[in-house]
Amino acid sequence: MQKIYLSPPHLTGEEGNYLNEVLASGWIAPMGAFVDEFENQIAQKIGAKYALATNSGTSALHLALLCANIEAGDYVLVSTFTFVASANPILYQNAIPIFIDSDEKSWNICPIALENALIDCQKKQIFPKVLVLTHLYGQAADMDKIIEIVSKYNLILIEDAAESLGCTWNNQHVGTFGKYGFFSFNGNKIITTSAGGMLIIPDEEYRKKALFLATQAKDEAHHYQHSEIGYNYRLSNILAGMGVAQMKFLSQKIQKKKEIFKFYQENLPKNIDFMPELPQSNGNRWLTCVLFENFEQREKVRNILTKNQIESRPLWKPLHLQPLFQKNLYFGEHISEKLFEKGLCLPSGTQLTESEQMTIIDLIKSVI
Ligand SMILES: *Cc1c(COP(=O)(O)O)cnc(C)c1O
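A brief structural summary. (Residues numbered from 1 in each chain as written. Predicted model: local features only at pLDDT ≥ 70, side-chain atom pairs only at ≥ 80, totals over all residues. Heavy atoms only, no water.)

**As for the sheet that holds strand S13 (residues 313-314)**
One open sheet holds the four strands; their spatial order is S10-S12-S15-S13, and the pairing between them is antiparallel. Each of the sheet's edge strands pairs with one partner strand only, and the pair in question is strand S10 (273-274) and S13. One ladder, built from two bridges, connects S10 with strand S12 (residues 288-291); its direction is antiparallel. The residue bridging Asp273 from the neighbouring strand is Leu291, located in S12. Packed onto the sheet, helix H10 (residues 295-307) meets S13 and strand S15 (343-346) and runs at close to 25 degrees relative to S15. (Pairing = 2+ DSSP bridges. Helix = DSSP H or I, 4+ residues; strand = E, 2+ residues; numbered from the N terminus. Contact = heavy atoms within 4.5 Å. Axes fitted to C-alpha atoms, helices over the stretch in contact; angles between N-to-C directions.)

Below you can see the structure in the form of structure tokens.
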């Protein structure tokens, strides 16, 4: 049997045409027509005005933090139940992450834990400047409550929508609620350029600033002149060509991800809990995530799948439990820890067939 991966890249057959066009044009540098087109397509799709293509989601977040003037010693609130890339750029700035737990109803950041954190921080004379909020596994966080808290405490919101392209909250696309937002086009994401990202920015002035920082901070001069630290964070025109090809299939891919989720839901035993979704969220179901009774049962399932060449993954290990962040503050009721203990991401690639899915379902049934 062929190995089944968690969420492998799915090429659509169109990429070659676009890559040939790039090669024929000779413009393979990190600028060119496809970079502009890819930016415009994403901006148009989500209803944003300004987008900047980057070489990863991580670098897009770093640029957002730079635009928000996050410096050494600043405090940044961040979801704990997420990938480490949501917090690493905070460390690049020598700033200090404070971790906020999940809500049982969405698995995303808990508004109550967030507000408790802000109240406690005030007592400690700590004044966080930014909230980095992840829309987890394709589903939106509780944006109504979050926006209220963000404005009450004067926070700058950065949305980590790396996994959630196409997801909406009350019909508005995630990535457009905050001052900044970003997406990832890494190999496992819903559309992929092999590696890449997109920063969503509020206006022309910030776009200029982010572009300046992403291209080695070149001052205006005929020679090479620099007065600030710059980065090499732009997306190449070749990869942007892949992005344009992949964008044609975004709706189909979301549809397929939802069908995969539904098929698991209809065919797995009813005592298995699925990742919930708030009614205002219309997510992309990037990965189907489920909870088993306990850690032992989760491991039984994971092991039988592994033995049969099927890749599955425990849910994110909460960042406040990572050795890297053991000295950082954490606020919440340990919801994410319980999810980590019992949870598993099931294969959810858009090329998965129903018969492969049935094999996975039968294997799970055989051990629980
Ligand atoms: C994938 C991912 C990132 C990072 O994106 P890259 O393009 O791999 O740098 C950040 N946050 C979350 C939640 C992700 O899943």
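**Looking at the site of the ligand**
Residues in contact with the ligand amount to 15 residues; listed here are only the nearest, Thr58, Asp160, Glu163, Ser184 and Lys189. Thr58 places a polar side-chain atom, nitrogen or oxygen, 2.5 Å from an oxygen atom of the ligand. Within the contact set of the ligand, a nitrogen atom lies 2.7 Å away from a side-chain nitrogen or oxygen of Asp160. Protein contact buries 93% of the 380 Å² of open area that the ligand shows by itself. Looking at the shell around the ligand residue by residue, the classes come out as three nonpolar, nine polar and three charged. (Near = heavy atom within 4 Å. Polar contact = N/O pair within 3.5 Å; in protein donor to acceptor, adjacent residues only side chain to side chain. Areas by Shrake-Rupley, 256 points an atom, 1.4 Å probe, with all protein chains shown as cover. Nonpolar A, V, L, I, M, F, W, Y, C, P; charged D, E, K, R; others polar.)

**Focus on the pattern of salt bridges**
Under the defined criterion, the tally for this structure stands at twelve salt bridges. For Asp120, the salt bridge identified is with Lys124, shortest N-O distance 2.3 Å. On the basis of relative accessibility, which here comes to 21%, the residue Asp120 falls in the partly exposed class. Measuring nitrogen to oxygen at the nearest pair gives 3.6 Å for the salt bridge that ties Lys262 to Glu266. With Lys262 and Glu266 both in helix H9 (residues 250-267) and four residues apart, the pair spans about one turn of that helix. What emerges from the salt-bridge pattern is a single network uniting Glu39, Arg207 and Arg234. (Salt bridge = Lys/Arg side-chain N within 4 Å of Asp/Glu carboxyl O. Buried < 20%, exposed > 50% of the residue type's maximum accessible area, 1.4 Å probe, protein only.)

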